[in-house]
Amino acid sequence: MKRFDAIRPFYDTEINEGILKVLDHPMMKALMNFCFPKVDDEIWKEQLKKTHSIRDFQCNFIYYGVKQVLEKSSEGLTTSGFEKLDNNTPYLYISNHRDIVLDTTLLNASLFEHGKLMTSSAIGDNLVKKSFLRTLAKLNRNFLVQRGLSPRELLVSSKLLSEYMAQLLIHENRSVWIAQREGRTKDGNDRTNPGVLKMIGMASDESNLMDYFRKIKIIPVSISYEYDPTDALKMPQLMAESNNEIYIKEKNEDIMTLLSGIIGQKKRIHIHIGDVLETEIDHIKANFDTSNKQILALAQVIDDSILSNYKLWPTNYIAYDILNKTNTYSHLYTENEKSLFERRLELRIDHEHPVAKQGFLDMYANPVVNKLKYENVS
């Protein structure tokens, strides 16, 4: 379908040509040397030349890159909820958004390990301006969300994006991943932007929007990192916002953030797969009479699932106790864990700026505050 050409990934018939174009690119060499540190260049080059599908590229190359990321910069990935998924059913995964690349890459690696359908994943076109990165995104089954558009262009683009997601989910038996909001959360508050749901619903031809959302099988996903490798990088934007200033990104800021997320220390990571939203959607349909109210209610249901299933780490409890000058959760972390966190805070934040310190602690403490609304975590 030509109308999706501007945003879609490669078709399998285009994969080999795409690979050959970037085979000798220095960034491909850097990526492959990272994925396969003990393998000669000629060997991975020969394997890439024989690759003719996205699945082969993901399973034989990207998956090993993920294993290297976990080995070098984490203390392991744990998962829960994957056993509920049907092996051949496509789902729309809506997750909280902490890391530009890892959120979706780790989800796909986990889906692969559990024998489930991997996703086609949304990525902002601002992140793949360089031709190599755009090619890599298309090789990895990413589709583009167009950014920086006028209101009129945004409407056209949103409809195209929505129709493409529907094409994948309903006609191509392909799962889809999209973040609950544009841009990563900077303050630890994971909230679904109703605008994302409105965009998804633009492809609906059902008389009631909730019937469409039920059909595409929405699953909320909770992703939590013990340490956010980009925590300090999020502070300048928070400080600008606290001064009511418009934040302007540095020229290569997105690339630096992307790389920091991959190589920075994350310690433990957990992904939880929520339940398919069915009875919740039926309840919304029965109790809310306008599509606007229904969208807001659905956003709340997604938030409830993501926040209640979010795994809290010692870093979250430590930040909460420091911020609130309490020892409420001291039984959930060790003195060593606390001193490591305090050291990180000291090294990463300029203490001349109390807003930065507050923002850094809020980022880790807010998941505890949010989870308290759902259960007693003490």
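Given the structure is predicted, the values throughout are model-derived calculations rather than measurements.

### What about the layout of surface pockets?
Here's step 1: Approximately 240 Å³ is the volume attributed to the second largest pocket.
Here's step 2: Lining the second largest pocket we find 15 residues, and of these F10, Y11, R141, Y164 and E172 sit closest to its centre.
Here's step 3: For the lining of the second largest pocket, the element with the highest residue contribution is helix α7 (residues 151-171), accounting for 3 residues.
Here's step 4: The residue makeup of the lining of the second largest pocket, split by class, is 8 nonpolar, 2 polar and 5 charged.

### Here we look at the environment of T104
Here's step 1: Here T104 shows up in helix α5 (residues 102-113).
Here's step 2: Residue classification places T104 among the buried residues on the basis of a relative accessible area of 7%.
Here's step 3: Separated by 55 residues in sequence, T104 and K49 place their C-alpha atoms 26 Å apart.
Here's step 4: In this structure, T104 is in contact with T119, S121 and W177, ignoring residues within four places of it in sequence.
Here's step 5: A distance of 2.6 Å separates polar atoms of two side chains, one belonging to T104 and the other to S121.

### Some words on empty space enclosed by the protein
Here's step 1: On inspection of all chains with the given rule, the structure shows 3 cavities of 30 Å³ or more.
Here's step 2: Along its surface, the largest cavity is lined by 13 residues, and Q58, I62, T105, N108 and N140 are the ones closest to its centre.
Here's step 3: If you list the elements that add at least two residues to the lining of the largest cavity, you get α4 (54-73) and α5.
Here's step 4: The residue inventory of the lining of the largest cavity, partitioned by class, reads 6 nonpolar, 7 polar and no charged.
Here's step 5: Estimates place the volume of the second largest cavity at around 90 Å³.
Here's step 6: Lining the second largest cavity are 11 residues, and of these R98, D228, Y310, M363 and Y364 lie nearest its centre.
Here's step 7: By residue number, the principal contributor to the lining of the second largest cavity is helix α16 (residues 354-372), which donates 3 residues.
Here's step 8: Here the residues of the lining of the second largest cavity sort into 5 nonpolar, 3 polar and 3 charged.

Rules used in this analysis
Residues numbered from 1 in each chain as written. Predicted model: local features only at pLDDT ≥ 70, side-chain atom pairs only at ≥ 80, totals over all residues. Heavy atoms only, no water. 1 Å grid on protein atoms, 1.4 Å probe; cavity = no way out; pocket = protein on both sides within 12 Å on 5 of 7 lines; lining within 4 Å. Points joined across faces, edges and corners; volume = space filled by probe spheres on them. Helix = DSSP H or I, 4+ residues; strand = E, 2+ residues; numbered from the N terminus. Nonpolar A, V, L, I, M, F, W, Y, C, P; charged D, E, K, R; others polar. Buried < 20%, exposed > 50% of the residue type's maximum accessible area, 1.4 Å probe, protein only. Contact = heavy atoms within 4.5 Å. Polar contact = N/O pair within 3.5 Å; in protein donor to acceptor, adjacent residues only side chain to side chain.

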